[in-house]
Amino acid sequence: MKTNILSVVTLSVATLFAGQAIAASSASAPQSSQQVQAELAHAVQSGDMLAGNTGMQRNEVRPDLYKQPTATMAKSAAQVKSELAAAVQKGDVVVGESGARLNEIYANKYPAKPATTQSYATTSGVTRTIDISPGA
């Protein structure tokens, strides 16, 4: 019986503190009325408002009434192909569902990635070096 009461009290206290931590981390500064009005004007203009009880936004219901965002190409096809060729050559390509890369599975077939280290001096004057390579 004591164990059950202790468990309930512990769970209650943990829930209380977790709720306060979540509320403190998600609290943001209140917006001014001008900021709210600007956000509303943008939402009305772009159609990012709910259309009645449909659960859809106005720009989804009537896309002909709102300006559609234009897609821009960030890279040319030649750039993408050259990046792919470089990744294949380095073995930096994911294989299968495991998420492992070729250079991780067959490390002896690909050049090793250079290790990145950083040196720092301690308060006692000793210099130490640490490995800061990705995945280290």
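Positions within a chain are numbered from 1, following the residues in the order the chain's sequence is written. Selection of residues for local features in this predicted model requires a pLDDT of at least 70, selection of side-chain atom pairs for listing and counting requires 80 or more, and totals for whole chains, interfaces and linings are taken over all residues. Working from all heavy atoms in the structure, the side-chain values ignore hydrogens and water.

Participant: Help me out: how do you make sense of the overall build of the protein chain in this one?
Facilitator: What the protein chain contains, in helices and strands, is five helices and four strands. Strands are runs of DSSP state E lasting at least 2 residues, helices are runs of H or I lasting at least 4, and numbering of each runs from the N terminus. When the helices and strands of the protein chain are read in sequence order from the N terminus, they spell out α-α-α-α-β-β-α-β-β. Here the term buried applies to any residue with accessible area under 20% of the maximum for its type, exposed to any over 50%, and partly exposed to those in between, with areas from a 1.4 Å probe on protein chains only. Within the protein chain, the fraction of its 136 residues that count as buried is 9%. By the convention used here, residues are in contact when the closest approach between their heavy atoms is within 4.5 Å. In the protein chain, the share of contacts with a sequence separation of at least 24, taken over all contacts with a separation of at least 6, comes to 0%. Residue-level accessible areas treat just the shown protein chains as cover; the underlying method is Shrake-Rupley with a 1.4 Å probe. Total accessible area computed for the protein chain in this model is approximately 11700 Å², and 60% of it derives from carbon and sulfur atoms.

Participant: Explain the pattern of salt bridges here, please?
Facilitator: Where charged atoms of side chains with opposite charge meet at close range, the side chains can pair. Whenever Lys or Arg places a side-chain nitrogen within 4 Å of a carboxyl oxygen from Asp or Glu, that contact is recorded as a salt bridge. Applying the stated criterion to the full structure yields three salt bridges. Among the salt bridges present, the one from arginine 101 reaches aspartate 92, with a minimum N-O distance of 3.2 Å.

Participant: Sorry, what's going on with helix H2 (residues 33-46) here?
Facilitator: Note on helix geometry: an α-helix contains 3.6 residues per turn, so any two residues three or four positions apart are oriented the same way. A rise of 1.5 Å per residue sets the reference length of H2, with its 14 residues, at 20 Å; its end C-alpha atoms lie 20 Å apart and thus fit the reference within 8%. Once H2 ends, the next one or two residues include glycine 47, with phi positive near 80°. Expected span, for any helix, means 1.5 Å times one less than how many residues it has.

Participant: What exactly am I supposed to notice about the environment of alanine 112 here?
Facilitator: By secondary structure assignment, the location of alanine 112 is in the loop between helix H5 (102-105) and strand E3 (117-121). Given the relative accessible area of 72%, alanine 112 is considered exposed. Along the primary structure alanine 112 and lysine 90 are separated by 22 residues, whereas in three dimensions their C-alpha atoms are 9.2 Å apart.

Participant: Got a minute to help me understand the environment of tyrosine 110 in this structure?
Facilitator: Relative to the elements of secondary structure, tyrosine 110 occurs in the loop between H5 and E3. Between the alpha carbons of tyrosine 110 and glycine 91 there is a distance of 6.5 Å; along the sequence they are 19 residues apart. In this structure tyrosine 110 touches Val88, Gln89, Lys90, Gly91, Leu102 and Asn103, once residues within four positions along its chain are discounted.

Participant: Looking at this model, I keep getting lost on the confidence of the model for the protein chain. Mind explaining?
Facilitator: The predicted coordinates of low-pLDDT regions are not to be read in fine detail. When pLDDT is averaged across the protein chain, the result is 78; 69% of the residues are at 70 or more. The predictor attaches a confidence to each residue, called pLDDT, with possible values from 0 through 100. When the elements of the protein chain are averaged for pLDDT, helix H1 (residues 2-26) gives the smallest value, 59, and helix H4 (residues 77-90) the largest, 91.

Participant: I tried to follow H4 on my own but got confused; where do I start?
Facilitator: Spanning 14 residues, H4 covers 20 Å between terminal C-alpha atoms, matching the ideal 20 Å at 1.5 Å per step. Backbone geometry just downstream of H4 places glycine 91 in the positive-phi region, at approximately 80°.

Participant: Which parts of the structure should I look at to understand a nonpolar patch on the surface?
Facilitator: The patch calculation keeps residues exceeding 30% relative accessible area without a salt bridge and links them within 9 Å when they carry like charges or within 5 Å when they are nonpolar (Val, Leu, Ile, Met, Phe, Trp, Tyr). A cluster of nonpolar side chains, namely Val95, Ile105 and Tyr106, defines an oily patch on the protein surface of about 240 Å² accessible area. Assignment of secondary structure puts valine 95 in strand E1 (residues 94-95).

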